[in-house]
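Residue-level structural notes
Single-letter residue listing:
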Amino acid sequence: MSDDYGARPDPDTAYPVVRLLVKHGTPISVAVGVALAIAGVWAALAGFGWAWAPAGVLTGAFAGFVMRSYVEVVRLIADMLLPR
């Protein structure tokens, strides 16, 4: 029987996704935005209609912005609350 109740998590292994976003958040947000923009242009070139190109580019820009703001919030929380 373990007495781990109430034990603090190991700071080096705790919250791996938060640490990933703190370290690589900017490239991830750019990659999400670019991937959506490329998908929209691809859809237009594949014959789904010309409106997919600007829709994809606008959606990619918006998604990149939202993702970047999420990364900033995660960084703020990590700086204030996570142990180092």
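Here goes a summary of the coordinates provided.

How each quantity is defined
Residues numbered from 1 in each chain as written. Predicted model: local features only at pLDDT ≥ 70, side-chain atom pairs only at ≥ 80, totals over all residues. Heavy atoms only, no water. Phe/Tyr/Trp six-rings, centres within 6.5 Å; stacked < 30°, edge-to-face > 60°. Buried < 20%, exposed > 50% of the residue type's maximum accessible area, 1.4 Å probe, protein only. Patch = residues over 30% accessible without salt bridge, like charges linked within 9 Å, V, L, I, M, F, W, Y side chains within 5 Å. Areas by Shrake-Rupley, 256 points an atom, 1.4 Å probe, with all protein chains shown as cover. Salt bridge = Lys/Arg side-chain N within 4 Å of Asp/Glu carboxyl O. Helix = DSSP H or I, 4+ residues; strand = E, 2+ residues; numbered from the N terminus.

1. Details of the packing of aromatic side chains
Applying the stated criterion across every chain, the model contains one aromatic pair. With a centroid separation of 6.0 Å and 45° between ring planes, the pair formed by tryptophan 42 and phenylalanine 48 is classed as tilted. Side by side, tryptophan 42 and phenylalanine 48 carry an identical accessibility label, which is exposed.

2. Section: a nonpolar patch on the surface
Together, Val73, Leu76, Ile77, Met80 and Leu81 give the surface a local cluster of nonpolar side chains, amounting to about 540 Å² of exposed area. Structurally, leucine 76 can be placed in helix α2 (residues 52–81).

3. With respect to the environment of alanine 35
Following the sequence through the fold, alanine 35 ends up in helix α1 (residues 16–45). In the structure, alanine 35 is positioned 29 residues away from glycine 64 in sequence and 9.7 Å away in space, judged by C-alpha atoms.

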